[in-house]
Amino acid sequence: MNYKETTNYLFNSTPVFEHVGASAYKEGLDNILALDEHFNHPHQHYKTIHIAGTNGKGSCSHSLAAMLQQKGYKVGLYTSPHIIDFRERIRVNGECISEQAVIDFVQQEHDFFETIHPSFFELTTALAFKYFAEQQVDIAVIEVGLGGRLDSTNIISPILSIITNISLDHTQFLGNTLAKIAYEKAGIIKKGVPVVIGEYTNETRPVFENKAKELQSPIFFAQDTPEVISSEIDLSGGRIYQTKHFGTFHAELMGDYQVKNMNTVLNSVNVLKTLGVNLTNQLPALDHVTILTHLIGRWMTLRESPKVVCDTGHNVGGWTYLARQIQAQPCKQLKMVFGMVDDKDIMTVMRMLPQNATYYWTQASTKRAIPAEKVAQIAKQFNLNGHLYNNVKAAYQQALNDANSNDFIFVGGSSYIVADLLSPVEK
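All values derive from a computational prediction rather than experimental measurement.

Things to note about the pattern of salt bridges
In step 1: All chains considered together, the criterion is met by nine salt bridges.
In step 2: Arg 87 is the partner of Asp 85 in a salt bridge, and the nearest nitrogen-oxygen pair spans 3.1 Å.
In step 3: Given the relative accessible area of 18%, Arg 87 is considered buried.
In step 4: In this structure, the salt-bridge partner of Arg 205 is Asp 224, at a minimum N-O distance of 2.6 Å. Residue Arg 205 is found in helix 9 (residues 205–214), and its partner Asp 224 is found in the loop between strand 8 (219–221) and strand 9 (228–233); the two are separated by 19 residues along the sequence.
In step 5: Look at Asp 224 and you get partly exposed, because its relative accessible area is 39%.

Structural data, given as C-alpha cells:
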C-alpha cells in the first residue's frame, strides 16, 4: 500500500462523517476502548488538554499548542476535520504525521481493525494517540470530534478540560436544546480535573455547574472573569488586544470571533499556571500560530487586490460573527462564493447574509453538500441573488474575473468549500 491507497482505505472502508454524515456516527466508546487496549493505552504516556465546544475548538487548540511549543514542550495536536490532507489532523510541534506512519498503522493493524469494524474517527483517534506516544510528546492538545460524552477522544484523563461555547449544531446527535447539547459537551469533565467554560447561557450554565459539582471538578467561567478588555483589528494584519493581566499584545488570528476565543485561551493559561504549566510569557506565540501549528482557514487572507478572505465558519454560531465582519469590510463591491452542507441550519444562516452582495452559489465535492441549485432556490426567499457554479474553483475564478481591485471576495459557508478552494486541482 502507498499513502494514497492507505487513505483510500481509511475513507472508503470505514464510515467517514465528513463524507456521509449521520450514517458514520457510532454511539458509544466500545470500539475506541478496544483499540486503546490493543495499543496498550498510549494516551497514558503523556499529559493532555481536552477541548470541546460548538465553535472555536480549533482556534483555541492551535493557540494553546503554539504557546506550549514556544515554551519548549514537545506538543501533540489532534484536530478535525482536515482541510487538504488527512495528515493535518495529527501533528507534533506543528509537523504532520508522516505518510509512512499512516501506511504502517493500517498495514500492520488491518487484520485487527476488520474484527471490530471501527469508524474513520475511531481509527484516526487511535492512530493519533499511538503516534503521540511513539513520538514521546510531553503534552497533547486533543480536540473533541463531535459532542464530548461519547466522543472517541473521551477516554483520556486530561490535566485540563475546556468547553468553548454551546450553540445549536449536530442536533440530530446531541439534542435539540442548548441544555441537551451542553450535557453532551460536559461529558468531557473528569473527576477532580479543572474545567474552563468559555461562554455560557442561562440554559447551559447549570448543566456545567451540576456536572462539575458531581465530579468535584474546579470550574472557571471565562465569561465572568474577562481577561480581554478591548480588541481591534490591526490594519497591517492580526488583532491588538488590551488585557487585564497580560498587558497589550498582538495576535495573528483576525476573525471577530477570535476575541471570545482569546478570552477562553487566556483564562485557560491562568488555570494551567496553577497546574505547573506556566505559559504567561509565551504570548508572542499567538502572533505566529499559523507558522507554529500550520492552522489554516480562519479568516484567512488569500490576496489583497482584490481582497480575498476564506473562513471555515459553517453554522449559526460562527455566522453570527462572520456576517457582521463581512458586512463591515471597506470595499466597492462585495462578492461571496458560498455553499453549505446538509446538516446545517441554512435558513438561519441565509437570514444573516448581506443583502448587498453578489453571490456565486456553489457546492463542495462531498456527498453532504447541498446542491448549488437548492442553495440558490433558498437564497431567493431572502432576496439574495447570484449565479450557479458546479464547483468551488469555477465559482471563485468567476468572482475574481468580475472583481475590481477595491472589491472584497469572501469564500465560505462550509469547511468543505474552503477545502476545495485550497486543495490542488489534481487530488
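The rest of the description comes next.
Description of the packing of helix 5 (residues 99–116) against helix 6 (residues 120–134)
In step 1: Packing of helix 5 against helix 6 brings their axes to within 11 Å, and their N-to-C directions diverge by 120°. Judged by the angle between their axes, helix 5 and helix 6 are oblique. Considering how the two elements wind past one another, helix 5 and helix 6 form a crossing that is right-handed. Judged by residue contacts, Ala 101, Val 102, Phe 105 and Phe 113 of helix 5 engage Leu 123, Ala 126, Leu 127, Lys 130 and Tyr 131 from helix 6.

With respect to the domain arrangement of the protein chain
In step 1: Domains assigned within the protein chain are domain 1 (3–293) and domain 2 (300–422).
In step 2: Between the C-alpha centres of domain 1 and domain 2 the distance comes to 27 Å.
In step 3: Carbon and sulfur atoms supply 49% of the area that domain 1 and domain 2 bury against each other, a total of about 1600 Å² over both sides.
In step 4: Summed over the shared surface of domain 1 and domain 2, the number is zero salt bridges.
In step 5: At the junction of domain 1 with domain 2, the criterion picks out five residue pairs in polar contact (both at pLDDT 80 or more).
In step 6: Per-element tally for the side of domain 1 that touches domain 2: the top contributor is helix 2 (residues 17–20), with four residues.
In step 7: For the side of domain 1 that touches domain 2, the per-class residue count stands at eight nonpolar, eight polar and six charged.

What counts, and at which threshold
Position labels on residues start from 1 in each chain and follow its written sequence. It should be noted that, the model being predicted, local features are given only for residues of pLDDT at least 70 and side-chain atom pairs only at 80 or more, the latter also being counted only at that level, while totals for whole chains, interfaces and linings use all residues. Heavy atoms from the whole structure form the basis of all side-chain values; hydrogens and water molecules are not counted. The salt bridge definition used is simple: a Lys or Arg side-chain nitrogen within 4 Å of an Asp or Glu carboxyl oxygen. Each residue is assigned to one of three classes by its accessible area relative to the maximum for its type, calculated with a 1.4 Å probe on protein chains only: buried under 20%, partly exposed between the two thresholds, exposed over 50%. Helix and strand assignments follow DSSP, with helices taken as H or I runs no shorter than four residues and strands as E runs no shorter than two, numbered in order from the N terminus. Fitted lines through C-alpha atoms serve as axes, helices being fitted only where they are in contact, and the angles separating the N-to-C directions of these axes extend from 0 to 180 degrees. We call two directions roughly parallel when the angle between them is under 35 degrees, roughly antiparallel when it is over 145, roughly perpendicular when it lies between 65 and 115, and oblique otherwise. By definition, turning the near helix anticlockwise from the far helix through less than a right angle yields a left-handed crossing, and turning it clockwise yields a right-handed one. Should any heavy atoms of two residues lie within 4.5 Å, those residues are considered in contact. Boundaries between domains were set according to an automatic or database domain assignment. Buried area is understood as the total, over both parts, of accessible area removed when two parts are fitted together, assessed with a 1.4 Å probe. N or O atoms within 3.5 Å of each other form a polar contact, as long as, within protein, one can give a hydrogen and the other can take it, and as long as residues adjacent in sequence are counted only when both atoms are side-chain atoms. Amino acid classes used here: Ala, Val, Leu, Ile, Met, Phe, Trp, Tyr, Cys and Pro are nonpolar; Asp, Glu, Lys and Arg are charged; the rest, including Gly, are polar.

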